[in-house]
Each structure stands twice: as structure tokens, then as C-alpha cells.
Amino acid sequence: MPRTARDVVFVDGVRTPFGKAGPKGQYAQTRADDLVVRAIRELMRRNPSLPPERVDEVAIAATTQTGDQGLTIGRSAAVLAGLPKSVPGFAIDRMCAGAMTAVTTTGAGISFGSYDVAIAGGVEHMGRHPMGEGVDPNPRFLADRLVDPSALVMGSTAENLHDRFPQITKERADAYAVRSQQKVAAAYAAGKIQPDLVPTAIRSAEQGWGLATEDEPPRPGTTMDDLARLKTPFRVHGNVTAGNAAGLNDGATACLLAAEDVARDLGLAPRMRLVDFSFAGVEPEVMGVGPVPATEKLLARNSLTMDDIGLIEINEAFAVQVLAFLEHFKISDDDVRVNPWGGAIALGHPLASSGVRLMNQLARLFGERTDVRYGLTTMCVGMGMGGTVLWENVNWEGAK
């Protein structure tokens, strides 16, 4: 019997505060699976009208699926979080777009009618599991000249993007990075970011047990002079620095998706509606341009232009990658629609978890901006991809 597609809604999303990767980071002695378990538990606590047995699937992404990020982490995290053992789960990997893909995959299942309710998210503990740990790239990538050698080093792909867009100078990238830091600082001061954060237990040999309640990476007060002094580790006299790129980070995210009619029957308040999504491939050596074709395809399929988009949450893996996107769509570097509360350059980018952070912030912004109907969450993806999700504000005043 043919099925009719159902409307899918984003009900709620949470995340741990993001930490700096490494032995001095706040999560140095915290397990990766415990981070995502904390997020799932908080998601269920915040939505008490949802019977745990009504969760039909748990999809959790990790880029480096080994150690405490292995063991089919969607299933293992569901069990550890106390969900009924009848609730299945799986792991997913699309590098930086892992959590985004967890959302689009389970969202498609809800639309098709296979699920009513799903939890989707991601985790990355880059301190325990550096990007590329244990990877053995096939030598044919280079021997058969399938990709440029720089494709395997994300910072080098960002330098390549500067080459492709010479008008995007280091100074322009630094200026964008400074604004990201300023916007995050302002958002924190206004209490915009904290509602999504889950206080998370941490431990250190020096201080014993503690609680992570804020993101660790932001550097408020960063200036252009500060960034001008930083080294360019990926190329001599290059453009990419630690200041105009996201850092190495630890953190987890989780969100609750449901069919819109089921959400309302269960007393869950939808915050935004999933309209469509698109993924696209590009040359791996310029992976940062991936959001451009993904967004073009999505807008065309929905008969929209960028003028119809009122809010854009784009992951800031590198400033040049964001600026290339803005350049293509003729959007100014300081357009108020773009990352109003800052982005990953300041907040951090724990790879597979970041897609849901973008969605969390967009959902919060939709709650304040009832004049905005459509918003995008978009990001570049390692090995030459981009992903974009189109969302509709359920509280859009034009629908009333």
C-alpha cells in the first residue's frame, strides 16, 4: 500500500559544553560514550511526556569509530542512557556531517512512516581519538592520482580554497574569525547559548571531580593583531591559522525528532519542521566548497532563492570555507542572517557532533524570530562533500 510522507519536526536538542582536546582539556579523563549518554539522558529528562519506549531509533555519529567511540555507539549509548532494551540504535559516519546525517537519515525514516520518534546526534573526543587515528588510506588515492595529496589534510584543503578564491585574503579570514568570537561572547552574555548546554561531570588529577558548564574553546577579546601573529602551519606564508579555523575539540550532541502529529499527540512542542536536505560531492582537495553545490541543489528543488532564507547556520571549520560560501551566494561577510550567535571558530568543532549544534542554535533563533520562515544548517565535509538541511519555523507569523 502506498504511504504518504509525514511532516517531520525537530522537538528539542541539547549538547555537552565543548572542550579543548588534549591532556589539559576539560574532558581529558572523560569517556566519549559518557558524553553522548549525558546528552541523551538530558534530552529525555527535558521531555517527560515522551514514554522512553516510544523512541523507535537512536542514531549516533562518530568520525573515529574505535575505543569508547566504537561498539555501535548508537546502540551502546541507548542502553547506557537507560532507554528500554527494545530501543535499537546504530552508528553512522559522514565525518563532520555525521550528526547531520543521523538527523536526515532518521528524519527520512519518520517521513516514510518507519519511525514515529527518533534520537539523533553525534560525539567526538578528539583528545582520545585524533582525526585519522588508525586510518589506512588506500595507496591508489595517490598512485592513481584520484586526489591531490593535500586532500587528506584538512588545513591544506583550506589553503587550497584560498588559492581558488584569491580575493579571500588572510586579513578577511581573520576579520571573520574575530567577529565569530565577538558574537559568541555577546550571545553568552545575553544567555542565548546556555539553555542548550548539559552540565557534564568531569575529573582531573589536579582538581578531582568537577562540572563542565560552559564551552572551553572561546577566546573573547581576540583581536586582529592577535591573529596576525599566529603561525600558518599548513603552508609557509600561508593563510590558515589556529585563529581563523575551528580547533580540536571534544563534545556530544543529541536531538529529538518526531512525526509532527505524533509529537503533538505526545504533548511535545515542535520547534522547527524538516523541509528537505541535500548532500553533494566536490573535489576532495577543496572540500570546504562543499556547502555550495549542496545548497544550490536544495534551493532549486524547493523553488527557493537565498533571498527566501532568513537564517543561516553554517559550520565554521575554516573562515575561508564560510567566506567562499558567502562569496558564491553574493552574501556580505557580516550579513546578520549568518551565525548570529557565532560559530565553530569560537565554540569548537567536535567533528561528527557539530551538525546538531547548528540545529540547536537555529531552533533557538527561530523561537525569537517569528518573522523568519526558512533557515539553513550547512557544513563542509572531509573527503570532498557538503551537506545542507532546509528547515521551516513552526512559529512563523505568516502561517497564522
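Quick caveat: nothing in here was measured; it's all calculated off a predicted structure.

## Observations concerning the overall build of the chain
So, point 1. If you tally the helices and strands in the chain, you get twelve helices and twelve strands.
So, point 2. Relative to its 400 residues, the chain shows a buried fraction of 58%.
So, point 3. Surface exposure of the chain reaches about 16000 Å², of which carbon and sulfur atoms provide 53%.
So, point 4. Measuring between centres, the 40 positive side-chain charges of the chain sit 2 Å from its 47 negative side-chain charges.

## Describing helix H1 (residues 32–46)
So, point 1. Across its 15 residues, H1 extends 22 Å between first and last C-alpha, which sits within 8% of the 21 Å expected from 1.5 Å per residue.
So, point 2. Taken together, the buried positions of H1 are Ala32, Asp33, Leu35, Val36, Val37, Ala39, Ile40, Glu42, Leu43 and Met44.
So, point 3. On its buried face, H1 is in contact with strand E1 (8–15), strand E3 (57–61), helix H2 (73–80), strand E5 (117–125), strand E6 (200–204) and strand E8 (249–259).

## Here we look at a nonpolar patch on the surface
So, point 1. A contiguous nonpolar patch, built from Leu142, Leu152, Val153 and Phe234 and spanning about 310 Å² of accessible area, is present on the exposed surface.
So, point 2. Looking at the element boundaries, valine 153 is found in the loop between helix H4 (140–143) and helix H5 (154–164).

## A few points about the UniProt feature "domain: Thiolase C-terminal" (unreviewed entry) in the chain
So, point 1. As recorded in UniProt, the feature "domain: Thiolase C-terminal" (unreviewed entry) lies at residues 270–390.
So, point 2. Taken end to end, residues 270–390 is 33% helix and 25% strand, and its first and last C-alpha atoms sit 16 Å apart.

## Focus: helix H10 (residues 319–328)
So, point 1. Burial analysis of H10 places eight of its ten residues in the buried class, which makes it a mostly covered element.
So, point 2. Of all the residues in H10, the buried ones are Ala319, Val320, Gln321, Val322, Leu323, Ala324, Phe325 and Leu326.
So, point 3. In the core, the buried residues of H10 are packed alongside H5, helix H6 (170–189), helix H9 (291–301), strand E10 (309–314), helix H11 (344–347) and strand E11 (374–381).
So, point 4. At the exit of H10 stands lysine 330, carrying a positive phi of roughly 55 degrees.

## Details of unusual backbone geometry
So, point 1. The backbone of leucine 71 sits at a positive phi, close to 60 degrees, despite the residue not being glycine.
So, point 2. Along the polypeptide, leucine 71 turns up in the loop between E3 and H2.
So, point 3. For methionine 383, which is not a glycine, the phi torsion comes out positive at approximately 65 degrees.
So, point 4. Secondary-structure assignment places methionine 383 in the loop between E11 and strand E12 (385–393).
So, point 5. For methionine 383, a relative accessible area of 29% gives the class partly exposed.

## Some points on the UniProt feature "domain: Thiolase N-terminal" (unreviewed entry) in the chain
So, point 1. The UniProt record annotates "domain: Thiolase N-terminal" (unreviewed entry) at residues 8–261.
So, point 2. As a span, residues 8–261 carries 31% helix and 19% strand, and end to end its C-alpha atoms are 9 Å apart.

## Looking at the environment of glutamate 392
So, point 1. For glutamate 392, the position within the fold is in strand E12.
So, point 2. Separated by 332 residues in sequence, glutamate 392 and isoleucine 60 have C-alpha atoms that sit 24 Å apart.
So, point 3. If near-sequence neighbours (up to four positions away) are discounted, glutamate 392 is found in contact with Met272, Arg273, Val275, Phe366, Arg373 and Tyr374.

## Side note on the nonpolar core
It is characteristic of soluble globular proteins that their nonpolar side chains tend to be buried jointly.
So, point 1. Core analysis: the biggest nonpolar cluster contains 83 residues, and Ile40, Val58, Ile119, Val123, Met359 and Trp391 have the highest contact counts within it.
So, point 2. Not counting residues within four places of it along the chain, the set of residues in contact with valine 123 comprises Ala32, Leu35, Val36, Ile60, Ala61, Ala62, Gln69, Ile73, Gly251, Ala252, Ala352 and Ser353.
So, point 3. Ile168, Val282, Met287 and Val320 belong to the second-largest nonpolar core, a separate cluster that totals 41 residues.

## Observations regarding the packing of H6 against H10
When two helices pack together, their arrangement is given by the angle between their axes and by how far apart the axes lie.
So, point 1. At a closest axis distance of 9 Å, the pairing of H6 and H10 adopts a crossing angle of 100 degrees. Judged by the angle between their axes, H6 and H10 are roughly perpendicular. Of the residues in H10, those touching H6 at Arg172, Ala173 and Tyr176 are Ala319, Val322, Leu323 and Glu327.
So, point 2. Among the residues forming the contact of H6 with H10, the class breakdown is five nonpolar, no polar and two charged.

## As for the packing of aromatic side chains
So, point 1. A full pass over the atoms with the stated rule returns three aromatic pairs.
So, point 2. Between phenylalanine 277 and phenylalanine 279, the aromatic rings sit 6.2 Å apart at their centres with planes inclined by 65 degrees, giving edge-to-face as the arrangement.
So, point 3. Ring geometry for phenylalanine 325 against phenylalanine 329: centres 4.9 Å apart, planes inclined by 55 degrees, an arrangement best described as tilted. For the pair shown, phenylalanine 325 and phenylalanine 329 are each scored as buried.
So, point 4. Arginine 15 extends its terminal NZ or CZ atom over the ring of phenylalanine 18, reaching a point 4.4 Å from the ring centre.
So, point 5. Arginine 94 extends its terminal NZ or CZ atom over the ring of phenylalanine 279, reaching a point 3.7 Å from the ring centre.

## Remarks on the side chain of asparagine 47
So, point 1. Along the chain, the position of asparagine 47 falls in the loop between H1 and E3.
So, point 2. Within the local environment of asparagine 47, its side chain forms a polar contact with the backbone oxygen of leucine 43, the two atoms lying 2.8 Å apart.
So, point 3. Not counting residues within four places of it along the chain, the set of residues in contact with asparagine 47 comprises Val11, Asp12, Leu256 and Leu268.

## Concerning the pattern of salt bridges
So, point 1. Scanning the model with the defined rule gives 25 salt bridges in all.
So, point 2. In this structure, glutamate 368 and lysine 192 form a salt bridge, with 2.7 Å as the shortest nitrogen-oxygen distance. Of this pair, glutamate 368 sits in helix H12 (residues 354–368) while lysine 192 is found in the loop between H6 and E6, placing the two residues 176 residues apart along the sequence.
So, point 3. Measuring nitrogen to oxygen at the nearest pair gives 2.9 Å for the salt bridge that ties arginine 369 to aspartate 371.
So, point 4. Beyond isolated ion pairs, a larger network of salt bridges with shared partners links Glu260, Arg264, Arg273, Arg373 and Glu392.

## Focus: the pairing of E12
So, point 1. A large share of E12 lies buried, amounting to eight of its nine residues.
So, point 2. Where strand E9 (residues 272–281) and E12 come together, nine bridges link them in antiparallel fashion. Looking across to E12, one finds that phenylalanine 279 is bridged to glycine 387.
So, point 3. Bridging between E11 and E12 involves eight bridges; their strand directions are antiparallel. Following the sheet pairing, glycine 375 is matched in E12 by tryptophan 391.

Criteria and thresholds
Residues numbered from 1 in each chain as written. Predicted model: local features only at pLDDT ≥ 70, side-chain atom pairs only at ≥ 80, totals over all residues. Heavy atoms only, no water. Helix = DSSP H or I, 4+ residues; strand = E, 2+ residues; numbered from the N terminus. Buried < 20%, exposed > 50% of the residue type's maximum accessible area, 1.4 Å probe, protein only. Areas by Shrake-Rupley, 256 points an atom, 1.4 Å probe, with all protein chains shown as cover. Lys, Arg positive; Asp, Glu negative; His and termini not counted. Charge placed at Lys NZ, Arg CZ, Asp CG, Glu CD. Expected span 1.5 Å × (residues − 1). Contact = heavy atoms within 4.5 Å. Patch = residues over 30% accessible without salt bridge, like charges linked within 9 Å, V, L, I, M, F, W, Y side chains within 5 Å. Salt bridge = Lys/Arg side-chain N within 4 Å of Asp/Glu carboxyl O. UniProt positions renumbered as here; feature names shortened; annotations may be inferred. Core = buried A, V, L, I, M, F, W, Y, C linked by side-chain atoms within 4.5 Å. Axes fitted to C-alpha atoms, helices over the stretch in contact; angles between N-to-C directions. Parallel < 35°, antiparallel > 145°, perpendicular 65-115°, else oblique. Nonpolar A, V, L, I, M, F, W, Y, C, P; charged D, E, K, R; others polar. Phe/Tyr/Trp six-rings, centres within 6.5 Å; stacked < 30°, edge-to-face > 60°. Lys NZ or Arg CZ within 6 Å of the ring centre and 35° of its normal. Polar contact = N/O pair within 3.5 Å; in protein donor to acceptor, adjacent residues only side chain to side chain. Pairing = 2+ DSSP bridges.

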